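# Commentary on secondary and tertiary structure
One-letter residues, chain by chain:
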Amino acid sequence: MIRIGYLFPEAEINRGDGFLDLVLPEHLDFDDIKKQLLYAIYREKIREEGRDSRQSLNIAVFGQ
């Protein structure tokens, strides 16, 4: 949500229960916002799935 708000400050983005509501000015391209949104979700999924591995690596390398 933060990334999309940063990339498209003119867009109004409201989060509901299991959905997003987008209100876009006419000059914004829906396909571009969709692409950026899916990319942000993908990055978050990868970050979440790799969290345990990163923590284990930090412990092994830094002892923390």
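Residues numbered from 1 in each chain as written. Predicted model: local features only at pLDDT ≥ 70, side-chain atom pairs only at ≥ 80, totals over all residues. Heavy atoms only, no water.

So, on to helix H3 (residues 51-62). Along its 12 residues, H3 runs 16 Å from first to last C-alpha, staying within 8% of the 16 Å computed at 1.5 Å per residue. Of the residues one or two after H3, Gly 63 is the one with positive phi, at around 70°. (Helix = DSSP H or I, 4+ residues; strand = E, 2+ residues; numbered from the N terminus. Expected span 1.5 Å × (residues − 1).)

Moving on: the environment of Leu 28. Topologically, Leu 28 is positioned in the loop between strand S2 (20-23) and helix H2 (30-49). Taking the relative accessible area as the measure of exposure, Leu 28 reaches 16% and is therefore buried. Ignoring sequence-local partners within four residues, the contact set of Leu 28 consists of Phe 8, Glu 10, Ala 11 and Ile 33. (Buried < 20%, exposed > 50% of the residue type's maximum accessible area, 1.4 Å probe, protein only. Contact = heavy atoms within 4.5 Å.)

This part takes up the pattern of salt bridges. Applying the stated criterion to the full structure yields 3 salt bridges. For the salt bridge of Arg 47 with Glu 44, the shortest nitrogen-to-oxygen distance reads 3.0 Å. Placement of the pair is Arg 47 and Glu 44 together in helix H2, with a separation of 3 residues, close to one helical turn. Judged by its relative accessible area of 40%, Arg 47 falls in the partly exposed class. (Salt bridge = Lys/Arg side-chain N within 4 Å of Asp/Glu carboxyl O.)

Let us now look at the pairing of S2. Bridge count for strand S1 (residues 12-15) against S2 is 4 bridges, and the pairing is antiparallel. The partner of Ile 13 across the bridge, within S2, is Leu 22. Where S1 folds back onto S2 in an antiparallel hairpin, the turn is made up of 4 residues, including Gly 18, whose phi is positive at roughly 90°. (Pairing = 2+ DSSP bridges.)

What follows covers H2. The end-to-end C-alpha separation of H2 is 28 Å, in line with the 28 Å expected for 20 residues at 1.5 Å each. Among the residues of H2, Ile 33, Gln 36, Leu 37 and Ala 40 are the ones counted as buried. Seen end-on, H2 carries its buried residues on one side only, within an arc spanning 100°. Opposite its buried face, H2 presents the exposed residues Asp 31, Lys 35, Tyr 42 and Glu 49, each directed more than 90 degrees away. Tucked into the core, H2 has its buried residues touching helix H1 (2-7) and S2. (Arc of directions from axis to C-beta.)

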